[in-house]
Structures are given as C-alpha cells and as structure tokens.
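Below, each chain spelled out in residue letters.
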Amino acid sequence: MRNIFVVGATGSIGTQTIDVLRNLKDKYRLVGVSARKNVEKLVKIWEEFKPEYILIRDKERLKILNGIKGAKILPFDEGIKEVISDRRIDTMFFSSGGVNDIEWIVLSIRNEKEVFISSKESFVGGGELIVKELKKRNKTLIPIDSEHSAIFQLLEGKKREEVERIILTASGGALFGKSLEELKNAKPEDALKHPTWKMGKKITIDSATMFNKGMEVVETHLFFDFPFEKIDAIIHRESIIHSMVEMIDGEIFALLSYPDMRYPIEYALTYPERRRNRFPRFNFHKNLSFYPFNKKDYPCFEIIVEAGKKGGTVPLSIVFADEILVNLFLEEKIGFIDIPRLLEKVYNNVKKRDLSIKIIEDVKSEVREIIEREVKNCI
C-alpha cells in the first residue's frame, strides 16, 4: 500500500486523479490533498477519503476548513514542506497549473518520493532541474499526459536507434481553421470551446494557440531524451490517436483510446500492471482525420520550442509569460492575437541564466516587468 499526496486535487486533472484513486484503494491510500481555494471540493474529498493533510494556498479560506476534525489543515507553503519531509508519504502527484511547484517537485525527488507530474508548466519551466535530480537517483518519471503516456508505451521494447521520429497529435483547439480576421475578434468563450477534451481554462486557451503542443514537444525531449529534430506534430481533430512512433523502416505505431485523462493517470499509477476500468471506450463509428501542422501558423508553438532548445531560464520565462498573457486574454484585457505578439517580446528580451531554485522569483519579476511595459500597446 502506497501513501499518496495530490497537489491540486480540485482542478481538472486532480479531480480525475481522485476518481482513479477510488478504484485503486487496494494500492493507494490518499493521505493528503491541496487546492488553491476550492474548499467545497476539499471538504467532499475529506468526507470520502479522510486524508490526514489538507493544504490550501488561499490563506483567507483556512478558517472555513477549521471545522474539519482529524486532519492537519495548513497553508500550502508551510504544509507542503512538512508533507514532503513526512517519510510515511512515498508518492507525490503534482496536478496544479503554473510554475509554482518546481521547488516542491525537486524537493520531493530529493526526499526519495515517487513523483508524478501533470503540470506542464512546472515540468517545462523547471525540466532541467527535475531531470537532473531524477538522473542522480537513477529514477524514471512515468508520464501522465495522454501524449507522453502513449509515447512511453509505444517505445517499450523498441531500440532507440530504430526510431525515426516521434509524432505528437494535436486537436488544433477551438479556433482551428479560423481566418486572421476571426482570430483578431476571438473572445475567450470562442477559444474555450475545445472540440474533444474537457479541461481547465488555461490549457484550453493554450490548445487554441498551440502553445500547449509546443510545451509537449519540450516535455518529449525531457522525458525521453530525443533530439528536437526527431519530434514532430500533426493535426488530428478527434483526439483518438494520442501519439505515434515512426520507425526507420517506415512503419508507424500508434496508441488509440477515447479522449479521457483517466486512462493515462491510471496507467501511470498502476504501471507495469493494467486494470479493468469503467472508462468510456472508443467505438469505430467515426472517421479519423489528419491535417498538416504548419508551425508558421502557430507562433506560440515555435516560441516555446525554441525556448526549450535554449534551455537555462528561458523556458521558465516563456511558460510564466504565457500564464500571465492567457489570464489577460481571459480577462479581455488583450486580444487573442496579442498573446503570441507579447510572448515574442518576452522571448526577445529575457536574459538566459543558469536555472536554479533561487533564481525562479527573479525570472518571474523580469517577465512581469517586460509584459507590464509592453501590454499597454494593445489595450
């Protein structure tokens, strides 16, 4: 029996992880959860699982949780240190968005926890540090993302030198095929209508700009140590094929399943076993379509991939900048096409430095200053 703590338990991925854990009670005991501010969901999780730790980032909401008896209720930054140092907890699942968990992921690895990461922002932004810590301990990171879970499974039993390329599939997001004029006038509600996945607002907007797919290219490089030139992407609107691996003889292996994040979450948590589940199955009642991926049409994709190639603090800068810009778009303070324009401004103005935990706040301050200086031009 493993003891698991879920960071970001009330978000989209966190909620699906809790659902998976309902069917894995013989394998995992949920000993702690955290949320940004959703106390209602935290209370429901506590009523069902009775976790020992409940952490919340919004300190103003602590008092609402004080009525819970039998749990340690703490502000996140204080409580996460205690959780990570608790030797009984052997598994940490990071599912919150943003770059704020890089330090806690690194610290968890140093404390010999098994780590699962669904936070693209933290993994892309802090990937160099995270991979370095894993390599020191000869640890393997089992991916949670549907694309990287597919690649992980497809590469098993194959010789690396026989792999020609890895092909990520992209739905194209809610604005696929729209004209430049339509993109100029796109509102948040337009960009949030994802064709296949039910996800949080941030990642749904990132799917529309294709920034999300760029992050996945960087993640693929970090996870599997494949060179960037061997990682490709295509548009596949139905999100049934999650990734493909092309071999040097031209044969292509693909992984198909209904677009439900519980598949890769469960696979990661039970690896190398597989379990029967109640997740929806894909029925062969529809055609599968493919479209070429013209990277020039998606500047956000190219910017984060180039940042990943540069390394150091540059990926962190771009990931954090995107976080700010997506929020500004959701608040209708900038337009949809302002996201790539301002992201490029950040890319062209940030300084590359060696990445360390100590420098993260300085990097974030630098990015904020650049955006504050530039954003007035599009309001």
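Only a predicted model underlies this, so the values are computations on that prediction, with no experimental measurement involved.

Caption draft 1: Geometry of the overall build of the chain. Across its full length, the chain carries 17 helices and 10 strands. Here the C-alpha radius of gyration of the chain, 20 Å, is about what a compact globule of 379 residues would show, namely 21 Å. Projecting the C-alpha coordinates of the chain onto the three principal axes gives extents of approximately 55 × 50 × 40 Å. Counting over 379 residues, the chain shows a buried share of 58%. Expressed as a percentage of contacts within the chain between residues at least 6 apart in sequence, the contacts between residues at least 24 apart total 67%. Accessible area for the chain stands at about 17600 Å²; split by element, carbon and sulfur atoms hold 47% of it. Of the side-chain charges in the chain, 63 are positive and 59 negative, and the distance between the mean point of each set is 3 Å.

Caption draft 2: Seen up close, the pattern of salt bridges. This model, assessed by the stated rule, comprises 37 salt bridges. Asp 26 is paired through a salt bridge with Arg 275; the nearest N and O atoms lie 3.1 Å apart. In this pair, Asp 26 sits in the loop between helix 1 (12-22) and strand 2 (28-35) while Arg 275 sits in the loop between helix 13 (262-270) and helix 14 (299-310), placing the two residues 249 residues apart along the sequence. One salt bridge connects Lys 120 with Glu 219, and the closest N-O pair in it is separated by 3.5 Å. With a gap of 99 residues between them, Lys 120 in helix 6 (residues 120-125) and Glu 219 in helix 12 (residues 211-224) connect regions that are remote in the sequence. In this structure, Lys 120 and Glu 219 share a single accessibility class: buried. Three or more residues are tied together by salt bridges with common partners; here these are Asp 19, Arg 22, Glu 48, Asp 260, Arg 262 and Arg 278.

Caption draft 3: Molecular detail of the sheet that holds strand 9 (residues 241-247). Here we have 4 strands laid out as an open sheet, ordered 8-7-9-10, and mixed in their pairing. Of all the strands in the sheet, the pair left with one neighbour each is strand 8 (231-235) and strand 10 (252-256). Pairwise comparison of adjacent strand axes, ignoring direction, gives a mean angle of 25° for this sheet. Pairing of strand 7 (residues 163-170) with strand 8 involves 5 bridges; the strand directions are parallel. Bridged to Leu 168 within strand 8 is Ala 233. Here helix 8 (residues 146-155) sits on the sheet and contacts strand 7, strand 9 and strand 10; the angle it forms with strand 9, its principal contact strand, is near 35°. Lying on the sheet, helix 12 is in contact with strand 7 and strand 8; it crosses strand 7 at an angle near 150°.

Caption draft 4: Representation of the packing of aromatic side chains within the structure. Tallying each qualifying case throughout the model produces 12 aromatic pairs. Look at Phe 282 and Phe 284: their rings are 4.8 Å apart centre to centre, the planes differ by 65°, and that puts the pair in the edge-to-face class. Of the residues examined, Phe 282 reaches a relative accessible area of 15% and is grouped as buried. For Lys 25, the ring lying beneath its charged end belongs to Phe 49, and the centroid distance is 5.1 Å.

Caption draft 5: A negative patch on the surface, seen in detail. Together, Glu 161, Glu 162, Asp 249 and Glu 251 make up a region of like negative charge exposed at the surface. Counting through the fold element by element, Glu 162 comes out in the loop between helix 8 and strand 7. You can call Glu 162 partly exposed: its relative accessible area is 33%.

Caption draft 6: Here's a closer look at helix 2 (residues 39-49). Along helix 2, the residues that are buried comprise Val 39, Leu 42, Ile 45, Trp 46 and Phe 49. On an axial view of helix 2, the arc spanned by its buried residues comes to 120°, and they lie on one face. Relative to its buried face, helix 2 has exposed residues pointing more than 90 degrees away, namely Glu 40 and Lys 44. Where the residues of helix 2 are buried, they touch helix 1, strand 2, strand 3 (53-56) and helix 3 (62-65). Where helix 2 ends, the next residue or the one after it, Lys 50, has phi of about 50°, a positive value.

Parameters at a glance
- Sequence positions are assigned chain by chain, starting from 1 and proceeding in written order.
- Local features are withheld for residues below a pLDDT of 70 in this predicted model, meaning they are given only at 70 or higher, and side-chain atom pairs are given and counted only at 80 or more; totals for whole chains, interfaces and linings count all residues.
- Side-chain descriptors were evaluated using all non-hydrogen atoms of the structure, hydrogens and water having been removed beforehand.
- For helices the rule is a DSSP run of H or I covering at least 4 residues; for strands it is a run of E covering at least 2, with both sets numbered from the N terminus onward.
- For this measure, only C-alpha atoms enter the radius of gyration; the expected value for a globule follows 2.2 Å times N^0.38, where N is the number of residues.
- Buried means the residue's accessible area, taken with a 1.4 Å probe over protein chains only, is under 20% of the maximum for its type, while exposed means over 50%, and partly exposed covers the values in between.
- Two residues qualify as a contact provided that any one of their heavy atoms is within 4.5 Å of a heavy atom in the partner residue.
- Each accessible area is a Shrake-Rupley estimate made with a 1.4 Å probe; only the visible protein chains count as cover when residues are assessed.
- Charged residues are defined narrowly, with Lys and Arg counted positive, Asp and Glu counted negative, and His plus the chain ends left uncounted.
- The atoms used to mark charge sites are NZ of Lys, CZ of Arg, CG of Asp and CD of Glu.
- Salt bridge, as used here: a side-chain nitrogen of Lys or Arg that lies within 4 Å of a carboxyl oxygen of Asp or Glu.
- The rule for pairing is simple: two strands pair if DSSP sees at least two bridges between them.
- Only the stretch in contact is used when fitting a helix axis, every axis being a line fitted to C-alpha atoms; angles between N-to-C directions are given from 0 to 180 degrees.
- Between rings of Phe, Tyr and Trp, where Trp is taken as its six-membered ring, a pair exists when centres lie within 6.5 Å; planes separated by under 30 degrees are stacked, by over 60 edge-to-face, and by other angles tilted.
- Each ring is checked for a lysine NZ or an arginine CZ that lies within 6 Å of its centre and within 35 degrees of its normal; such an atom marks a charge sitting over the ring.
- Like charges are joined within 9 Å and nonpolar side chains (Val, Leu, Ile, Met, Phe, Trp, Tyr) within 5 Å, but only among residues with over 30% relative accessible area and no salt bridge; these make up the patches.
- Arc definition: directions from the helix axis to the C-beta atoms.

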